[in-house]
Amino acid sequence: MGQNTVLTPLYILVAGPSSCGMWDAASTCDLTSGAMSAPRIRTLGHHSGARELNHSATELAPIFFLMQLKVLLAAAVCTKAGKAIVSRQFVEMTRTRIEGLLAAFPKLMNTGKQHTFVETESVRYVYQPMEKLYMVLITTKNSNILEDLETLRLFSRVIPEYCRALEENEISEHCFDLIFAFDEIVALGYRENVNLAQIRTFTEMDSHEEKVFRAVRETQEREAKAEMRRKAKELQQARRDAERQGKKAPGFGGFGSSAVSGGSTAAMITETIIETDKPKVAPAPARPSGPSKALKLGAKGKEVDNFVDKLKSEGETIVSSNMGKRTSEATKVHAPPINMESVHMKIEEKITLTCGRDGGLQNMELHGMIMLRISDDKFGRIRLHVENDDKKGVQLQTHPNVDKKLFTAESLIGLKNPEKSFPVNSDVGVLKWRLQTTEESFIPLTINCWPSESGNGCDVNIEYELQEENLELNDVVITIPLPSGVGAPVIGEIDGEYRHDSRRNTLEWCLPVIDAKNKSGSLEFSIAGQPNDFFPVQVSFISKKNYCNIQVTKVTQVDGNSPVRFSTETTFLVDKYEIL
C-alpha cells in the first residue's frame, strides 16, 4: 500500500444458513489500489454474541464505520463515578473501550443544565438518574434522539421489575436477568417493537400447556377425593340405618372375620382422603353404643389400662403410644426455616377469647408486637415505615427510645437520637398494640355447638364460620370434651378429619386450612351423654397473616433514605379460645 493509503472498515451483511441468525463479513479496502483484504466473518446470535469463523491478519476495530449508522451501541447501568455495574454491547466492542466510554461519561456532564444527553466527537450519551446510579445508552451521533429517549424510558422501567432496590449489590445479583431483558429490547443495535408486558412474558418463558396440565391434574384429584368421601358417607349411613333397626351392622371387605363393622371401614376410607402435605391423623374406629359383642373391646382396653397401671406401680417405665404419635405429629407441623436478612422483623399477635354457648362475646383481648433484629451493624441506623390499615381501634404504643412524634406524624419508627444505632444481634420490641372488645363482629372464627338429646343419648352438631376473610388459619384443632366411660362417638357428617382421644375423653376436629375458599364447615356425631358434657369447646390455630393489618412496608437508612433489604415473619397465635 502507498503512503496515502486509507483503510476503511467495510461491513457486508449476507443471509446464511446459520442457526444463530446472520453472517457478518468485515474486510478492509485500500481506496487507492482497490485491493481488499480477506474478510473476517462471524455469526451474530440472537443475543448479539459473536463467533469468529475466519480471522484477518489486519486487526481493525469496526467501531468507526458503525459511528456513521443510526444504531444503539451499548446500554449500561453505572455509578455516578462511571463504574460499570452491568453493560450490554450490541455491536463489536472491547471491554476496555466500553469501560473507557463509561469512565468519561461523568466528566462530560454539565451540572448547570438539565439535559438528559451529552455528546462527544464520536458518540452520544443518553442517560437517566436512578437514585445513586445512572441508566446510560451509548448511541451514534446520527441516531434519532426521540427514539433513544423512548428506548431509555423502557430500559429504566425494566430494572425495577427484577431488582427490589436500586443498589449496586442488587443490580449485580440480577445482572443476567437484566441482560436477557436488554436483549429483548434491542437486537443488532436496533429497537424491537416490544412493551414491558411482552418482555416479562418472554423472559419468564410462561407455558400455557403446563398450566392446563396442572389444572386438569388438580381437577382429577379433587374428583377422586369427592368420590371417596361420598362412598365413605354411604357406608356410614348404611351402618346407622342398621343400628336404628336393631340389626347387626353389615361387614364390608373380606378380612377373615365379619366383626369389622361399616363404621371402621368408613373410617379407613376416610383416612385415605387426608392431604399428603399434612400430618396424618388415624381416626379411632367407631363403636356402636348399643349392646353388641363389640363392647368386649372396650372391656379389654380397660384390662390393658389396669395392667399398665400395675406395671407403673412396680417401678416399670411405660412409654405411651399416643404420646409417641403426638411427638411425631408435632415434628411435622414445624414451619420451614425463614430466610432471614440482615434486618429481620417478627410480627406476632396472640388472642384470648371467651364466648358463650348461646352466643355473645364475653371478652376478647389481642396483643401484638413488632420485634426488630439486626445482624449487621452497618444497618443499625435505620427507620421502619409502618402501614396501619386497622379499622378496629387498636391502641398503639412505641418503645420509650423510639421517636413518638415521628411515628405519629409520618408512621416512621426511628430512635429519638438519630445518631444512635439499634442493638445488634438481639430482639428489640419497637412497637406493640392492644385490642379489647366485646363486639361480636370482631370474632375471627365463630363456633356454634348444638347438642340435642335423643332416645339413646345426644346428637351434637358443630359449625364453624370464618368472619375475617382476609385471614388464613392453618392447623385448626377444635377440641370437644366427651362423657367418660361411654365409648367412641359415632361420626356422621364431617368436613376435615377427626381424632378420638380415649385417655383424655376428647374429640379433636382437625382442619388443615380455613380461608375464604373454605370459610365454613360442620361436624355431626352421636354419643351417650348430656348437653352440658360437651363444653367448654376449645380452639387452637396458627396463621401467617396478622389480625390487625399492621405491616412494615419499607426500611430505609437514616442518612440518604436509601432502601434496605429486610425480611418479615408474621405469626397469629391462640393463647386461649373457649366457648363456655
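Since the structure is predicted, the reported quantities are computational estimates derived from the model, not experimental observations.

Rules behind the numbers
The residue numbers shown here count from 1 along each chain, following its written sequence. Only residues with pLDDT of at least 70 are given local features in this predicted model, and only at 80 or more are side-chain atom pairs given and counted; all residues enter the totals for whole chains, interfaces and linings. Water and hydrogen atoms were dropped before computing side-chain values, which therefore reflect all heavy atoms in the structure. Only centres within 6.5 Å qualify two rings of Phe, Tyr or Trp (six-membered ring in Trp) as a pair; their planes then separate them into stacked at under 30 degrees, edge-to-face at over 60, and tilted for everything else. What counts as a helix is a DSSP run of H or I of at least four residues, what counts as a strand is a run of E of at least two, and both are numbered from the N terminus. For each residue, the accessible area found with a 1.4 Å probe, counting protein chains only, is set against the maximum for its type, and the residue is called buried under 20%, exposed over 50%, and partly exposed in between. For a lysine, the NZ atom is tested; for an arginine, the CZ atom; a charge sits over a ring if that atom is within 6 Å of the ring centre and within 35 degrees of the ring normal. The working definition used for a salt bridge is a side-chain nitrogen of Lys or Arg within 4 Å of a carboxyl oxygen of Asp or Glu.

Trainee: How would you explain the packing of aromatic side chains if you had to name every residue and give the values?
Mentor: By the definition in use, this model includes 10 aromatic pairs. Where Phe-105 meets Tyr-134, the ring centres are 5.5 Å apart and the plane angle is 85°; that geometry is what we call edge-to-face. Pair noted here: Phe-105 is in helix H2 (residues 95-108) and Tyr-134 is in strand E9 (residues 133-140), with a separation of 29 residues, a long-range link. Each member of the pair, Phe-105 as well as Tyr-134, carries the same accessibility label: buried. Both rings, one in Tyr-127 and one in Tyr-134, keep their centres 5.8 Å apart while their planes meet at 85°; by these two values the pair is edge-to-face. On the accessibility criterion, Tyr-127 (7% relative accessible area) is buried. Judged by its relative accessible area of 10%, Tyr-134 falls in the buried class. Above the ring of Phe-535, the side-chain terminus of Arg-357 is found at 4.0 Å from the ring centroid. Of note, Lys-392 hangs over the ring of Tyr-547, and the distance from its end group to the ring centre comes to 4.6 Å.

Trainee: Mind laying out the pattern of salt bridges, listing which residues take part and the relevant values?
Mentor: As enumerated under the stated definition, the model contains 24 salt bridges in all. Between Arg-153 and Glu-150 there is a salt bridge, with its nearest N and O atoms 2.5 Å apart. Here Arg-153 pairs with Glu-150, and both are found in helix H3 (residues 145-162), just 3 residues apart, close to one helical turn. Relative accessible area serves as the criterion here: at 45%, Arg-153 is assigned to the partly exposed category.

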